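Single-letter residue listing:
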Amino acid sequence: MLHLRLSWLLLSCSSAMAFAPRMLSARKADFGRSDAQTTAPSSHSLMRSSTIRIFSATQLALSSSIFESVTSNPNSIGTITFLIPKEHESASCRFGQLSPVGSPKLLEAVRQLCKKCFYFSDGLVDTSIQSVPGNLQDLDSSIRSSSVVIALGIQDEQEMQAVQNLFEQRRQSPSRESLCNFALDCKQTLPALVGPFDSSNPSLSSRLLPWTSEASAKRLHDQMINLFERFTSDDFAFAAMLFLNAFSGHQVDWVKHSIDATWEKGPVRNAQELYAMVDKCGDCITRCVKDDNCRECIGKLTAIDSRDQVTSYRTIVSYESELLKEFTLCIMTKNNIFQCAATIPIFPKVAPISSWRNSPLTEEAAKSILVGHLDDPSAPDGSLRLSVSWKVACGANVAYDQFPSQNQLFYPAARGRDMWYDPVFRVETLDGRNVWCKRHYKVRPAERPGTFRLSVLDNGVTSNEFWTIIGVADDLSWCAMHYAGAASEVGQRYLGGLLCTPDGQLPDQHVLPEIWEVFRSAGIEPWELYRVTNDDTSEGALEAGAPPLDFYRSEVLARRAAAIAI
């Protein structure tokens, strides 16, 4: 699940090639995680009084419009408000187009966006929804000072005029440099405001002086537009966090780290990081930039923000190699050149199943569920004894769960109570090839049965994850899992969920409502899931050939047999 990124070489690679030799010689979705997997930093103490509040439209009716305060924290670092049409009951949206349930209604989608922003901010933002009245005076007064205002799906001309007037008021506000406006999927395009950058009147410095705050805001504006156009809940929340991190006066843990050479860091810090890279890892840099594949990977990554996990991970898996692994292992894992320290997200709180097959869940039973349908002595009764434990039918993470042909192998380690997890998945590379990628995770049971701590070295960077079994059929026809993870030295965090079946196809229609409720209990709406293509006869699967399912397991089985023989 690693979201590795190398675009920090944007300003570095050419310098490294030129200077390296010289330098070297000189269950209920709650808002806090159960079985907390990391020690929370002191800033998280702000979240202890965080609550989620959802009000009905009739409670807060304002001239036939609605106002919902979806999440609230008395120690908020900012506010995010979504404006939706007055006639929102039938309004559709572009979210969920690749999901097994199709697109949700706009209000349903926006409610989930509010919760995602809450999760991504570690509970430190307030979020609300306002339907647009015909009269601007009927808008809730707090919206005028909201940190971020996003109008979504407004099609009525009178409502668009109200939004335009609101945006203009905010543009003239004395605090405008800490405000953000966007109108998305609306009847007309309105100028955006991102802190000191006004797209309707861009300053000369925003175009010509890249070190200024105006230029920084323009770059952020362009990045946010790109993220919004993907129409996923993760990308929307991520974009909002980028703005708050840059202009709220507070750091947002989800996005505060960067391994890029940027104008925002300044020349001194960029130079320090470059010097440290060449000083500590000069040989690795030289070998990488002399290799066509490694150098091309760097070239593809130079225009990507390291925190954009969708684009960066697909690029990495398209070019992964031993040189790339060695390169990043030195710079990230061994030396942590960029001083990143990302932690596993603590929101939402996700509870594991408490029982299975009419018995309380034990550690051994939970481990057997993971082994699932694999042909292994540790598999439970009802296992189909296949070459894989499970196949992923759909997943919730936009960066990692959309790859085709996702095979999962869970099996016991040669000794002790630990396990191994080997995901083997197919990648359609940027240049059109179909190749297999594989990972080898260590799996350790956590404190509560049904929860596990996973770790993996992925392309030279360590990722740590916390997995929870949130649902499973007694007959093993499906299993649902939630995960939260972080690649600490890269400064990235992520959330996801998986619906797994023996063949990678969706379960029978009559059980899907139960499964969707299971995902909702983990803070995931079914429209946030992505269908996975598991057709072994597809052109891409045939081109890739047979998956290397036993690449790691064969050695573990040999060690296990040797241990038994002793």
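Look above for the structure.
Worth saying up front: this structure is predicted, and the values here are computed from it rather than measured.

K.L.:
Got a minute to help me understand the side chain of Ser 383 in this structure?
P.N.:
Along the chain, Ser 383 turns up in the loop between α11 (363-371) and β11 (390-395). Judged by relative accessible area, Ser 383 falls into the buried class, the value being 13%. Once residues lying within four places of it in the same chain are set aside, the contact partners of Ser 383 are Gly 372, His 373, Leu 374 and Leu 476.

K.L.:
Is there a simple way to think about the packing of helix α2 (residues 106-120) against helix α6 (residues 233-247) in this case?
P.N.:
To characterise two packed helices, one gives the angle between the axes of the helices and the distance between these axes. Where α2 contacts α6, the two axes come as close as 9 Å, and the packing angle between them is 55°. By the angle between their axes, α2 is oblique relative to α6. The element α2 and its partner α6 pack so that their crossing is right-handed. Counted together, Leu 113, Lys 116, Cys 117 and Phe 120 of α2 and Ser 233, Asp 234, Phe 236, Ala 237, Phe 238, Ala 240 and Met 241 of α6 form the full contact between these two elements. Split by residue class, the contact of α2 with α6 holds eight nonpolar, one polar and two charged.

K.L.:
I tried to follow α6 on my own but got confused; where do I start?
P.N.:
Each α-helix turn comprises 3.6 residues. Residues three or four places apart therefore point the same way. In this model α6 runs 22 Å from its N-terminal to its C-terminal C-alpha over 15 residues, within 8% of the 21 Å that 1.5 Å per residue would give. For α6, a buried count of 14 out of 15 residues is recorded, marking the element as mostly surrounded by other parts of the structure.

K.L.:
How should a negative patch on the surface be read in this particular structure?
P.N.:
A grouping of Glu 87, Glu 89, Asp 156 and Glu 157 is seen on the molecular surface, where their side chains present a negatively charged patch. Position of Glu 89 among the secondary structure elements: in the loop between β3 (78-84) and α2. Its relative accessible area of 54% is what places Glu 89 among the exposed residues.

K.L.:
Hey, could you run me through the pattern of salt bridges in this one?
P.N.:
Taken as a whole and judged by the stated rule, the model has 32 salt bridges. Arg 439 is paired through a salt bridge with Glu 320; the nearest N and O atoms lie 2.8 Å apart. A residue pair is termed long-range when its members are at least 10 positions apart, and Arg 439 in the loop between β14 (434-438) and β15 (441-445) and Glu 320 in the loop between α9 (309-319) and α10 (322-334) qualify at 119 residues. One salt bridge connects Asp 431 with Arg 433, and the closest N-O pair in it is separated by 3.1 Å. We classify Arg 433 as partly exposed; its relative accessible area is 34%.

Analysis parameters
Residues numbered from 1 in each chain as written. Predicted model: local features only at pLDDT ≥ 70, side-chain atom pairs only at ≥ 80, totals over all residues. Heavy atoms only, no water. Helix = DSSP H or I, 4+ residues; strand = E, 2+ residues; numbered from the N terminus. Buried < 20%, exposed > 50% of the residue type's maximum accessible area, 1.4 Å probe, protein only. Contact = heavy atoms within 4.5 Å. Axes fitted to C-alpha atoms, helices over the stretch in contact; angles between N-to-C directions. Parallel < 35°, antiparallel > 145°, perpendicular 65-115°, else oblique. Left-handed = near helix turned anticlockwise from the far one by under 90°. Nonpolar A, V, L, I, M, F, W, Y, C, P; charged D, E, K, R; others polar. Expected span 1.5 Å × (residues − 1). Patch = residues over 30% accessible without salt bridge, like charges linked within 9 Å, V, L, I, M, F, W, Y side chains within 5 Å. Areas by Shrake-Rupley, 256 points an atom, 1.4 Å probe, with all protein chains shown as cover. Salt bridge = Lys/Arg side-chain N within 4 Å of Asp/Glu carboxyl O. Lys, Arg positive; Asp, Glu negative; His and termini not counted. Charge placed at Lys NZ, Arg CZ, Asp CG, Glu CD.

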